[in-house]
Amino acid sequence: MPEGHTIHALAARLERAFSGRVVAASSPQGRFAADAARLDGHELHGARAHGKHLFVDIGPATLHVHLGLIGSFPVRPAPGGVVPAPLPTVRLRLETDAHYADLRGPMTCTLVDAEREREIVGTLGPDPLRKRQRPERARQRISKSRKGIGELLMDQSVVAGVGNVYRCEVLHRQAVDPLTAGRDLSPDAWTALWDDLVLLMPLGAAFSQILTMPDQVEAARRLRRSGRARAVTESLTGERLGDHFERRFLVYKRTGLACPRCAATVQDRTVAGRTLYWCPACQVRR
DNA sequence: TATATATGGATAA
DNA sequence: TATCCCTATATAA
């Protein structure tokens, strides 16, 4: 389930559970055993996300994780130090007497130095979930491209952290035709897309759920502003606690159903190797 | 039991 | 564009 919001929420959860603490590290699955041994028994200093990349400082090393399409890294409480035996697929388990976190199915899990981290971050476009970003840099890239905006939004060197759901949904929210060539997209349309991502993605991180339906976005914003939002956490068994919303989208996975704005039929088509969903009637060149 | 699919991305061709 | 990697889950057979 990982788009950028998932990774930013994960970094925050890792910090809350482990920052300033000595962690035990192991690799039940075995493929990360030698590196896990280097982390084992060291203090975790911090964690940060850049787009879909996660970096965790443990002792003298930095752990670099990319969850890919199917990875997960749940952080759970371990009251009294009681933790379940890891599934055999767990690449890396981090553990204290209060929490444990199991990394499964990552696309990338390696130790990196500061130089390599800078290299990786250097390949990424602006990230709507980070402060002091320069969306203008993305607009420059987009304005020179003949590729469609639906394809460009999936390019992490253009914008970092957007995945297939946010791409489909933000294009629908801003009524932009995904097939519009980057060079034909107006600066105003790009600004609207960026600003919407800056609104939506932090809500996704806060509620551990992609929220794009206008009523849900409004409700989530009110909850946050009121300060009464209950953070989403997982129990020992993985049960989801805290505020969450019914799973609903504007166009994502809604092929053949009515567009919620104009009632035309939602279409799909493969763009950038993934299934793009959009309304061919009300999403237009802007 | 087998197959398809998934909120990703690298690499081969 | 096709293939591969990584894992879990839903659906088909």
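Details of the structure are given in the entry above.
Residues numbered from 1 in each chain as written. Chains lettered and ligands numbered in written order. Predicted model: local features only at pLDDT ≥ 70, side-chain atom pairs only at ≥ 80, totals over all residues. Heavy atoms only, no water.

*Asks:* Can you lay out the protein's contact with DNA strand B for me, pointing to particular residues and giving the numbers?
*Replies:* Close to DNA strand B lie 20 residues, the nearest being E3, K52, G163, Y252 and R274. For DNA strand B, the fraction of protein-proximal atoms (within 4 Å) that sit in sugar or phosphate groups is 62%. Separating a phosphate oxygen of DNA strand B from a side-chain N or O atom of R274 is a distance of 2.5 Å. Going through the elements one at a time, α6 (164–173) and β12 (274–278) are the ones with two or more residues in the surface near DNA strand B. (Near = heavy atom within 4 Å. Polar contact = N/O pair within 3.5 Å; in protein donor to acceptor, adjacent residues only side chain to side chain. Helix = DSSP H or I, 4+ residues; strand = E, 2+ residues; numbered from the N terminus.)

*Asks:* Can you break down the packing of helix α4 (residues 135–143) against helix α7 (residues 187–207) residue by residue, with the values?
*Replies:* Running from N to C, α4 and α7 point in directions that differ by 135°, and their axes come no closer than 11 Å. As summarised for this structure, α4 and α7 are arranged oblique, according to the angle between their axes. Between α4 and α7 lies a crossing of right-handed hand. Here α4 contributes P135, A138, R139 and I142 to the contact with α7, which in turn contributes P187, W190 and W194. (Axes fitted to C-alpha atoms, helices over the stretch in contact; angles between N-to-C directions. Parallel < 35°, antiparallel > 145°, perpendicular 65-115°, else oblique. Left-handed = near helix turned anticlockwise from the far one by under 90°. Contact = heavy atoms within 4.5 Å.)

*Asks:* So, the nonpolar core: which residues are in play, and what are the values?
*Replies:* Ranked by internal contacts, the top residues of the largest apolar core, which has 43 residues, are I149, L153, L185, W190 and L193. Listing elements by their share of this core, those giving two or more residues are α4, α5 (149–152), α6, α7, α8 (214–226) and β12. Ranked by residue count, the leading element in this core is α7, at 10 residues. Counting residues in each nonpolar core, the second largest holds 29 residues, with I7, A36, L44 and A61 among its members. (Core = buried A, V, L, I, M, F, W, Y, C linked by side-chain atoms within 4.5 Å. Buried < 20%, exposed > 50% of the residue type's maximum accessible area, 1.4 Å probe, protein only.)

*Asks:* Go over the sheet that holds strand β1 (residues 21–26), please, and point to the residues and values.
*Replies:* Pairing is antiparallel across the open sheet formed by 8 strands, whose spatial order is β5-β7-β6-β1-β2-β3-β4-β8. Each of the sheet's edge strands pairs with one partner strand only, and the pair in question is β5 (75–77) and β8 (108–112). Going from strand to strand, the sheet's axes swing by 30° on average, the running direction of each strand aside. Of the strand pairs in this sheet, strand β4 (residues 61–66) and β8 are connected by 5 bridges, and their pairing is antiparallel. Looking at β8, one finds that T62 is bridged to V112. (Pairing = 2+ DSSP bridges.)

*Asks:* Summarise the packing of aromatic side chains; cite the residues concerned and give the values.
*Replies:* Between two aromatic rings, the relevant description is the distance of the centres plus the angle of the planes. Inspection of the entire model under this criterion finds 4 aromatic pairs. Measuring from centroid to centroid gives 5.3 Å for Y252 and Y277, while their planes differ by 75°, and the two rings are edge-to-face. Highlighted residues: Y252 in the loop between β10 (240–241) and β11 (267–271) and Y277 in strand β12, separated in sequence by 25 residues. Y277 matches Y252 in its accessibility class, with the two residues each being buried. Put simply, the rings of F249, Y252 and Y277 touch in pairs and so form one group of aromatic residues. (Phe/Tyr/Trp six-rings, centres within 6.5 Å; stacked < 30°, edge-to-face > 60°.)

*Asks:* Could you give me a rundown of helix α1 (residues 4–18), with the residues and numbers involved?
*Replies:* In an α-helix, one turn spans 3.6 residues, which is why side chains three or four residues apart end up on the same side. With 15 residues, α1 extends 21 Å from end C-alpha to end C-alpha; this agrees with the ideal 21 Å at 1.5 Å per step. Among all positions in α1, only G4, H5, I7, H8, A9, L10, A11, L14, A17 and F18 are buried. Where α1 terminates, the next one or two residues include G20, which has phi positive at roughly 80°. (Expected span 1.5 Å × (residues − 1).)

*Asks:* I'd love a proper account of the side chain of T212, names of residues and values included.
*Replies:* Position of T212 among the secondary structure elements: in the loop between α7 and α8. A polar contact is formed between the side chain of T212 and the side chain of E169, at a distance of 2.4 Å. Filtering out sequence-adjacent residues up to four positions away, T212 remains in contact with E169, R173, L200, V217, F249 and L250.

*Asks:* Talk me through the pattern of salt bridges; I want residue IDs and the actual numbers.
*Replies:* Applying the stated criterion to the full structure yields 13 salt bridges. Across the salt bridge formed by E246 and R248, the nearest N and O atoms sit 3.3 Å from each other. A single salt-bridge network, built from bridges that share partners, covers R48, D57 and E117. (Salt bridge = Lys/Arg side-chain N within 4 Å of Asp/Glu carboxyl O.)

*Asks:* Describe the protein's contact with DNA strand C, listing the residues and the values that go with them.
*Replies:* Around DNA strand C, a shell composed of Q29, R31, I70, L87, T89, R91, R104 and G105 is seen. Between DNA strand C and R31, the relevant distance is 2.5 Å, taken from a phosphate oxygen to a side-chain nitrogen or oxygen of the residue. Measuring from a phosphate oxygen of DNA strand C, one finds a side-chain N or O atom of T89 at 3.2 Å. Across the surface near DNA strand C, the residue classes break down as 2 nonpolar, 3 polar and 3 charged. (Nonpolar A, V, L, I, M, F, W, Y, C, P; charged D, E, K, R; others polar.)

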